[in-house]
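For reference, the chains in residue letters:
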Amino acid sequence: MMRCLGLVACMFLQSLHVTNSREPACSQFHYEEQMLEKVVRMGINMEQAMKRLDVFDKELRSKTQNIQGLFLVAFYVLVVLICIPVCYVQVKLGALFKRGIVGIFAILIPILKGTAVSILLLTYIRCLLHGVELSYALFFAFACLRTPYPWATKTGNVTVSSLKLFHRPADRYFHEDFLQQTDHIDDGGYVVWYIAVCLLATWLAVYCLTFKGTALMAKIAYFLTPVSILLLVIIMVYGYLAIPDSSGAMSRLLGSKVESSSESQQKRGKNVNSVTSLLDSVVNYNLGHPEPWIDALNLHINSLGLWSGLLPTLGTLVFNRKYVINASWILLLLVYSLLPQMALFALAPYIDPRDSGGFIAAAKGIKPGLPFLFVAIPTTMERMELSPFIGFCLFVCIFLFGLHHQALHLLAIWENLLPSTPKFLMSYFRRRELLVAAACGVSFLLCVPYSMQGGIHLYAIVNSYMDRLVFTLIIISTIPFIVGYIKQEVLYIPIERTFMSLWYGLAALISSVLMIYYFALYVYPHPVVAHGQRWAERLGWFIATAPIALGLLGGAVHALCAQKGPLKQRVLQSLRSGTFNASDDSNEFTSGETGDTIINNTSASPEPQEPVFEKTDTEVFIQPMEDAEDPENV
């Protein structure tokens, strides 16, 4: 009996051992269970990721919400520190000499007149890029007349790969359909015909404004300026009436949301702190950072034309009386200070900062305003189903304001450089209209590469490199302007001349130091192109250095060749400063108001080829040469 029980127990233990040694049996739904578990886990992770993205979006908006407000602070601070002295001195000297920047430098310090030529060459390169931007605006003006909007048809079949670059349908339309953009600058592609046509129309419009000089442009401006302002008012009224939540448009662009310390501590967790630290390292846009200041300074240089040769040319149109000069530069600064803010207020309902993204916003060398114009505004128009006519008016308004800017700067270039045209060219063209037509035709041909499929890459390189050494011209050009202003003794007392000269020098020093600091820390260490495209980087440096080197060297050689005597005497004559004598018997300007010099009234000059300086009790002006209209004698 006991033996049977032992045998049963052994068999039972052996069965347990065999059962425990088997692999666990799989359920027939094992694969489905694993897939379901992964889907649930993925859903949980996606929900957490969306929460983190919401936190990131809120933090990003709070970080970038005050960007435009900080920009306006920097904008108006630099208006006082830099724009006032530069406008005052350059307009005053232009009114006194009745010449552009090249003529002023040729009189004051002839060996430095190449600096003026370099300034005009860089201004011309900026005008080429601005012409490309105007052609984009002209195309979008007519694209808005299509219903539905052409970028509205790109809402379907959004893939993950496309979301990495094109986060809005308008962004994809701008790059794939409009630009037909290639992947890199090595692949230039072919000319996009409609961009080339818009470029041609832009330069034809510029020619119509500039071929007769300032007289015709002033007459045309009497019509175009009211039309541009009327379109701006229509856009503003429609935007604030038709677009929802338009009342908070300016607060989105200019406002900054400030939370209390207790609320901030409650809302910040571990993930929030990590996101905030990331944003602090990426979005570092504050008044202690040079970016808002350099953005404001670039706007002053490019728009107001501080060191572009525009202000002395405008001064030639001003009658040389004290109250006329003061009224002119004050009115100029008032219009410049108010008009950009009016445009910002009018366009604010059409711009959502979250829509300005994609390649054009992330690429280096692209102006920060282009994503707002060609991505954010079209996105708002498509989302809100706005009137196509309003879209047409909006981009036409942008085109007209840009056309005014383009024509003024090119007119300054024509007025300074066309009188220096070689005699054989003048004998061939004979008329100013033909010479301006040739200049506009050459400008169009130089812009054709920007209309190619890889043109946006070339645009980014030129825009990124052309102003990297502009601080050298600012420093060098300060010498003739200060010398000329402090030496002239017309209408103003010596204390005023000394104070404004020091203020001008301080403005030039602040601008140069700011540019050097920003370029050295934030621009030079970061290449615009990839490692395999270093030839494009060398092209950019050539564009940055060639106008400066050619202008300075050519101007110095021309100044030396224009003098007489041995080389040492020519160098000394080219370095003379502060001499206003244009004839042998007039050594300096005199003034009846200052009382610090002997009044020397000169009514005529024995040399008919030289300018004659005349004086009354309240004004001094330069009588132009009798045969200045003959190009061969200029």
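Our structure's up above, just so we're on the same page.
A quick note: this is a predicted structure, and the numbers were derived from the prediction, not measured.

Considering the overall build of the protein chain
Scanning the protein chain from N- to C-terminus turns up 25 helices and two strands. Buried positions account for 46% of the 634 residues belonging to the protein chain. Within the protein chain, contacts between residues at least 6 apart in sequence are counted, and of these 78% link residues at least 24 apart. Per element, the accessible surface of the protein chain, about 32,100 Å² overall, is 66% carbon and sulfur.

A few points about the packing of aromatic side chains
Evaluated as defined, the whole model comprises 35 aromatic pairs. Measuring from ring centre to ring centre gives 6.2 Å for phenylalanine 140 and tyrosine 173, while their planes differ by 85°; the resulting arrangement is edge-to-face. Remark: tyrosine 173 occurs in helix 7 (residues 169-179) and phenylalanine 140 occurs in helix 5 (residues 113-143); sequence separation between them is 33 residues. For the pair tyrosine 518 and tyrosine 522, a centre-to-centre distance of 5.7 Å together with 25° between the ring planes defines the contact as stacked. You can see tyrosine 518 and its partner tyrosine 522 sitting in helix 23 (residues 494-523), four residues apart, about one turn around the helix.

Describing the side chain of threonine 478
Summarising the element assignment, threonine 478 is placed in helix 22 (residues 470-487). In this structure threonine 478 comes out as buried when scored by relative accessible area, which is 10%. Within the structure, threonine 478 has its side chain in polar contact with the backbone oxygen of isoleucine 474 (distance 2.6 Å). Residues in contact with threonine 478, not counting those within four places in the same chain, are Tyr504, Gly505 and Ala508.

Focus on the packing of helix 5 against helix 24 (residues 534-562)
Helix-helix packing is characterised by the crossing angle of the two axes and by the distance between the axes. Running from N to C, helix 5 and helix 24 cross one another at 150°; their axes reach a closest spacing of 7 Å. Taken together, the axis directions place helix 5 and helix 24 in an arrangement best described as roughly antiparallel. As for how helix 5 packs across helix 24, the hand of that crossing is right-handed. When helix 5 is examined against helix 24, the residues Lys113, Gly114, Thr115, Val117, Ser118, Leu121, Leu122 and Ile125 are found in contact with a partner set consisting of Ile543, Pro547, Ile548, Gly551, Leu552, Gly555, His558 and Ala559. Residue composition of the contact of helix 5 with helix 24, by class: nine nonpolar, six polar and one charged.

Here we look at the pattern of salt bridges
This model, assessed by the stated rule, comprises five salt bridges. Among the salt bridges present, the one from glutamate 133 reaches lysine 367, with a minimum N-O distance of 2.9 Å. Of this pair, glutamate 133 sits in helix 5 while lysine 367 sits in the loop between helix 16 (359-362) and helix 17 (370-383); the two residues are 234 residues apart in sequence, bridging distant segments of the chain. Note on glutamate 133: relative accessible area 11%, which makes it buried. As a salt-bridge pair, glutamate 433 and lysine 212 come within 2.7 Å of each other at their nearest N and O atoms. Taken together, the residues span a long stretch of sequence, with glutamate 433 in helix 20 (residues 432-447) and lysine 212 in the loop between helix 8 (193-210) and helix 9 (214-242) at a distance of 221 residues. Here glutamate 433 falls in the buried class, since its relative accessible area comes to 14%.

What about the packing of helix 9 against helix 15 (residues 322-347)?
At a minimum axis separation of 8 Å, helix 9 and helix 15 run at an interaxial angle of 35°. Contact residues: Leu232, Ile235, Met236 and Tyr240 in helix 9; Met342, Ala343, Phe345, Ala346 and Leu347 in helix 15. In terms of residue class, the contact of helix 9 with helix 15 is built from nine nonpolar, no polar and no charged.

Considering unusual backbone geometry
A cis amide bond, omega -5°, links threonine 147 with the succeeding residue proline 148. Looking at the element boundaries, proline 148 is found in the loop between helix 5 and helix 6 (160-163). Positive phi values are uncommon outside glycine, yet lysine 98 reaches one of about 55°. Its location among the elements puts lysine 98 in the loop between helix 3 (67-97) and helix 4 (101-108). A positive phi angle, near 55°, is found at glutamate 385, a position not held by glycine. With respect to the secondary-structure elements, glutamate 385 resides in the loop between helix 17 and helix 18 (388-417). On the basis of relative accessibility, which here comes to 69%, the residue glutamate 385 falls in the exposed class.

Structural notes on the state of the cysteines
With the rule as written, the count across this model stands at zero disulfides. You can see cysteine 83 has no disulfide; the closest cysteine sulfur is in cysteine 87, sitting 5.7 Å from it.

Cut-offs used in this document
Residues numbered from 1 in each chain as written. Predicted model: local features only at pLDDT ≥ 70, side-chain atom pairs only at ≥ 80, totals over all residues. Heavy atoms only, no water. Helix = DSSP H or I, 4+ residues; strand = E, 2+ residues; numbered from the N terminus. Buried < 20%, exposed > 50% of the residue type's maximum accessible area, 1.4 Å probe, protein only. Contact = heavy atoms within 4.5 Å. Areas by Shrake-Rupley, 256 points an atom, 1.4 Å probe, with all protein chains shown as cover. Phe/Tyr/Trp six-rings, centres within 6.5 Å; stacked < 30°, edge-to-face > 60°. Polar contact = N/O pair within 3.5 Å; in protein donor to acceptor, adjacent residues only side chain to side chain. Axes fitted to C-alpha atoms, helices over the stretch in contact; angles between N-to-C directions. Parallel < 35°, antiparallel > 145°, perpendicular 65-115°, else oblique. Left-handed = near helix turned anticlockwise from the far one by under 90°. Nonpolar A, V, L, I, M, F, W, Y, C, P; charged D, E, K, R; others polar. Salt bridge = Lys/Arg side-chain N within 4 Å of Asp/Glu carboxyl O. Disulfide = S-S within 2.5 Å.

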